[in-house]
There are 2 protein chains.
Amino acid sequence: MRLSRYFLPVLKETPAEAQIASHRLMLRSGMIKQSSAGIYSWLPLGFRVLRRVEAIVHEEQIRAGHIPMLMPTLQSADLWRESGRYDAYGPEMLRVRDRHDRDMLYGPTNEEMITDIFRSHVNSYKDLPLTLYHIQWKFRDEIRPRFGVMRGREFYMKDGYNFDIDRDGALHAYNRHMVSYLRTYERMGLQAIPMRADSGPIGGEDTHEFLVLADTGESEVFYDAAITELRLGDRQVNFDDRSECAAIVEEWTAPYARTDETHDAEAFARIPEARRRKSRGIEVGQIFYFGTKYSEPMGATVTNDKGEKVPVHMGSHGIGVSRLVGALIEANHDENGIIWPEGVTPFHCGIVNLRQGDGETDAACEKLYKTLVQKGLEPLYDDRTERAGAKFATMDLIGLPWRLTVGPRGLAAGKVELTCRRTGQSEDLTPADAVAKVAEIYAPHHAAAHWEPMANRSFHTWL
Amino acid sequence: MRLSRYFLPVLKETPAEAQIASHRLMLRSGMIKQSSAGIYSWLPLGFRVLRRVEAIVHEEQIRAGHIPMLMPTLQSADLWRESGRYDAYGPEMLRVRDRHDRDMLYGPTNEEMITDIFRSHVNSYKDLPLTLYHIQWKFRDEIRPRFGVMRGREFYMKDGYNFDIDRDGALHAYNRHMVSYLRTYERMGLQAIPMRADSGPIGGEDTHEFLVLADTGESEVFYDAAITELRLGDRQVNFDDRSECAAIVEEWTAPYARTDETHDAEAFARIPEARRRKSRGIEVGQIFYFGTKYSEPMGATVTNDKGEKVPVHMGSHGIGVSRLVGALIEANHDENGIIWPEGVTPFHCGIVNLRQGDGETDAACEKLYKTLVQKGLEPLYDDRTERAGAKFATMDLIGLPWRLTVGPRGLAAGKVELTCRRTGQSEDLTPADAVAKVAEIYAPHHAAAHWEPMANRSFHTWL
């Protein structure tokens, strides 16, 4: 993309309403624009990151054997009356009346609707196990929306639902989701720690939240530092293997890690003092096992292998897709702007032309741009007639992980400069070497957790 | 995908409420499930087609130089009061009150919101031309929703908006969109004829609708048969070239083609009788040039090259993404089910195992499946223990364009059968030749308009 043809409305001033870094930086870098309280438009740069996060969530869900579909945003109140949640849900539920005076609502979650789909179509244990999920806009009418997309009213969420014949099957689904979520966050370059949590309005006996450590987090968290050393890395996981998934869950839940809601001071005190940590965390996902809480009242039963009708065991699993964009920035920024991990960056690299209008420099930039595109990469080329300082400031603000700087002096020596946004380190390389290095950084075999497309590259089209 | 692990709830009976083929077939093939009147869940198979249609729309928009972003579903009523449309819009607008008693609405379209974004950030003619678009869920509270996703209440639409310094620039945007839309439909294997139309509540002086010929269409259409012979084929279009785009528009608008709203009986009578056609059509898109209708009342002005403040010239352009799925079926089905064009099929081909449980047949199917996946294709493998007739009926119903049939008799001769859904013709091939043939059908260089991924295959992730 050439910046002269793009729509990137960066702001010089820090907007007064933004209290936290991600909100401030998303507004300043032209990623979002508030439309009403807690409701945002995703401007082109923000939309690219949102889609990238969405794509990783889809890929990892599909890898774990979960099936994508899509439920609507508006739901009939009748379904929620069946589960008893229509009246139980407070004023955060946005209630709507249509022209025929029917009670509707803007879905904050989809347990009722998916249970209704299941009971309409599935009758036999032979069709289990089954996990369906979707990524759709949700609404929670927060009384005081704040922190930008971190606590917005209209938000984009992945929510998935497993249906299993018994408790053991559903607990495997729980474990499989935990492993799949760990993998999802790792690919985004994010450390999200699973912590035992309260189940809240979803209900159920087993639940973990995933928290990203950040000073601006809404929860107080207590953990054993040992947990922050764990990585899935390039382990190949067989998601059908119950003991393999259970072993990974055991590895991640053995070290103490809890939010203030479930904190156990005595257990915490038993951690060696050097590893005891107290911090703040941002919730970016949650998984639940709630058994027959919805299947029983809603009649979602199947015939088991003895010919008996039994209610299915269910769980649900959510990842806040739009919220993750904010959490990623909270965990990855400095005083100059955002620092995108490679897995979620909106463009693979930037190209800064230090002397726009100079024939040789322009030609070198053009060639660099075209070579990168031919390699399947998407550079953002700052081809505006601006001074170098302004171009660098924009690149630092929007946070592309790699920047190629092209100027007459370097070109005279046959070199361009490649700079890492995170470390600030630069090296002078021939254009060919610079392209090769950037391509290598994003190659499938490199940095597996950050950047691992499915074997099937056409997958995204076919989702 | 293995069917034994998929969620494909096909129905044996034809649902009583479905009056037209697409509604009936989408319900029967397990693509959708109604959630409330005019509101549908997209079950896994339907979701794949919806995403495929969405991907083609995105690719062709980006090819034409338009910039993707995303606006929210809920809008503030205040913006619509500025344009005067809040009161003008009838009961089809779903009005919502939030917990603070603020008037909101579920957006049926986004002229006001995009104009607000534009005026907040763009001040100079130097930042023009600019075309922004998004694909988002919309709501129109139809009094009598019917025909499934063809006339639903919650629907998925691409809507784009161009901003130009003058009328000439905006007319080029209009032409560019027409060419881009023609290309979009052609890639889906759909013939959509541009017809001069009425502007309706969007307003404006210039507008064309795109209509797919089908008996179940809501509009009566009159056209010169010559227009149905036109194809873009593999023409390389430079979307920045005003005269090139204008020439294509001239080519497609010279033959008479109008809906009943703008029909001119005298002009129609001048067409040679053999080419005069009267039919019905389904509207799948519309483009508008409306000048300063929104920019003037809403103050969307830029400074021109003389330093004067002038209102920008705008147009808007819509494609009904969810509606297209229905229109595609109306135009592509027979008495046994859907016949997907290759460009939008949910799976590239089906594999039918005629003797599930037979070691040799199972192994041959497995190998075929894995080889296709390695080639980047997505087969749907019917590995259920069902009789052959039921498997064929399912494949015919869901309409995958190509079917591979594997049975002991064929294997004894070293052959599998490849069947074309549209023609019904079969040929016996070695498994290797069958895979090669299917791969060739979906190769980028083949059938350009149906199946032409961008040069950059990672594009979808990075959108």
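Residues numbered from 1 in each chain as written. Chains lettered and ligands numbered in written order. Predicted model: local features only at pLDDT ≥ 70, side-chain atom pairs only at ≥ 80, totals over all residues. Heavy atoms only, no water.

Chain A has the name Proline--tRNA ligase in an unreviewed UniProt entry, where Rhodovulum imhoffii is given as its organism. UniProt lists a comment for chain A under the heading Function (unreviewed entry), and it reads "Catalyzes the attachment of proline to tRNA(Pro) in a two-step reaction: proline is first activated by ATP to form Pro-AMP and then transferred to the acceptor end of tRNA(Pro)." Of the comments in the UniProt record for chain A, the one headed Sequence similarities (unreviewed entry) reads "Belongs to the class-II aminoacyl-tRNA synthetase family. ProS type 2 subfamily." (UniProt positions renumbered as here; feature names shortened; annotations may be inferred.)

1. Regarding the interface of chain A and chain B
Contacts between chain A and chain B engage 79 residues on the former and 78 residues on the latter. Across the chain A to chain B interface the summed buried area is about 6700 Å²; carbon plus sulfur atoms make up 59%. At the boundary of chain A with chain B, the tally comes to 8 salt bridges. For the salt bridge of B:Asp98 with A:Arg153, the shortest nitrogen-to-oxygen distance reads 2.9 Å. Here chain A and chain B share 20 residue pairs in polar contact (both at pLDDT 80 or more) between them. Among the elements that make up the side of chain A that touches chain B, the one with the highest residue count is helix α2 (residues 44-63) of chain A (10 residues). Tallied by class, residues from the side of chain A that touches chain B come to 40 nonpolar, 18 polar and 21 charged. (Contact = heavy atoms within 4.5 Å. Buried area = accessible area lost by both parts, 1.4 Å probe. Salt bridge = Lys/Arg side-chain N within 4 Å of Asp/Glu carboxyl O. Polar contact = N/O pair within 3.5 Å; in protein donor to acceptor, adjacent residues only side chain to side chain. Helix = DSSP H or I, 4+ residues; strand = E, 2+ residues; numbered from the N terminus. Nonpolar A, V, L, I, M, F, W, Y, C, P; charged D, E, K, R; others polar.)

2. Focus on the relation of the copies chain A and chain B
Between the two copies, chain A and chain B, the superposition gives an RMSD of 0.0 Å; the rotation angle is 180° and the shift along the axis is 0.0 Å. One copy is carried onto the other by what is essentially a two-fold rotation axis. (Least-squares fit on C-alpha atoms with pLDDT ≥ 70 in both.)

3. Some details on the domain arrangement of chain A
Note on interface size: it is often stated as the accessible area lost on association of the parts. Residue and element names in this part refer to chain A. Along its sequence, chain A is organised into domain 1 (21-338) and domain 2 (341-441). Taking only C-alpha atoms, the centre of domain 1 and the centre of domain 2 are 37 Å apart. Between domain 1 and domain 2, the residue contacts involve 18 residues of the former and 12 residues of the latter. Carbon and sulfur atoms make up 57% of the area that domain 1 and domain 2 hide from each other, which totals about 1300 Å². The largest share of the area that domain 1 buries against domain 2 comes from Leu45, Arg48 and Ile338, three residues that together contribute 38% of it. Linking domain 1 to domain 2 there are 2 salt bridges. For Glu378, the salt bridge is made with Arg48, and the minimal N-O distance between the two is 2.9 Å. Between domain 1 and domain 2 we count 8 residue pairs in polar contact (both at pLDDT 80 or more) in total. Contributions of two or more residues to the side of domain 1 that touches domain 2 are made by α1 (21-28), α2 and β18 (337-338). Of the residues assigned to the side of domain 1 that touches domain 2, the class counts are 8 nonpolar, 5 polar and 5 charged. (Domains from an automatic or database assignment.)

4. Some words on the packing of aromatic side chains
Under the defined criterion, the tally for this structure stands at 25 aromatic pairs over all chains. With 4.6 Å between their ring centres and 25° between their planes, A:Trp137 and A:Tyr156 make a pair best called stacked. Of this pair, A:Trp137 sits in strand β7 (residues 130-139) while A:Tyr156 sits in strand β8 (residues 154-164), and the two are 19 residues apart along the sequence. Ring centres of B:Tyr106 and B:Phe139 lie 5.4 Å apart, and the angle between their planes is 50°; this geometry places the pair in the tilted category. In this pair, B:Tyr106 is assigned in strand β6 (residues 103-106) and B:Phe139 in strand β7 (residues 130-139), connecting sequence segments 33 residues apart. B:Phe139 shares its class with B:Tyr106; the two are buried. Grouping aromatic residues by their ring pairs yields a cluster made of A:Tyr106, A:Phe139, B:Tyr106 and B:Phe139. One Lys or Arg, A:Arg146, reaches over the ring of A:Phe147 and ends 5.3 Å from the middle of that ring. (Phe/Tyr/Trp six-rings, centres within 6.5 Å; stacked < 30°, edge-to-face > 60°. Buried < 20%, exposed > 50% of the residue type's maximum accessible area, 1.4 Å probe, protein only. Lys NZ or Arg CZ within 6 Å of the ring centre and 35° of its normal.)

5. Description of the side chain of A:His23
Residue and element names in this part refer to chain A. Tracing the backbone through its elements, the reader meets His23 in helix α1. Here the side chain of His23 touches Gly148 through a polar contact of 3.3 Å, landing on its backbone nitrogen. Once you skip the residues sitting within four places of it in the chain, His23 turns out to touch Glu17, Ala18, Ile32, Tyr40, Phe147 and Gly148.

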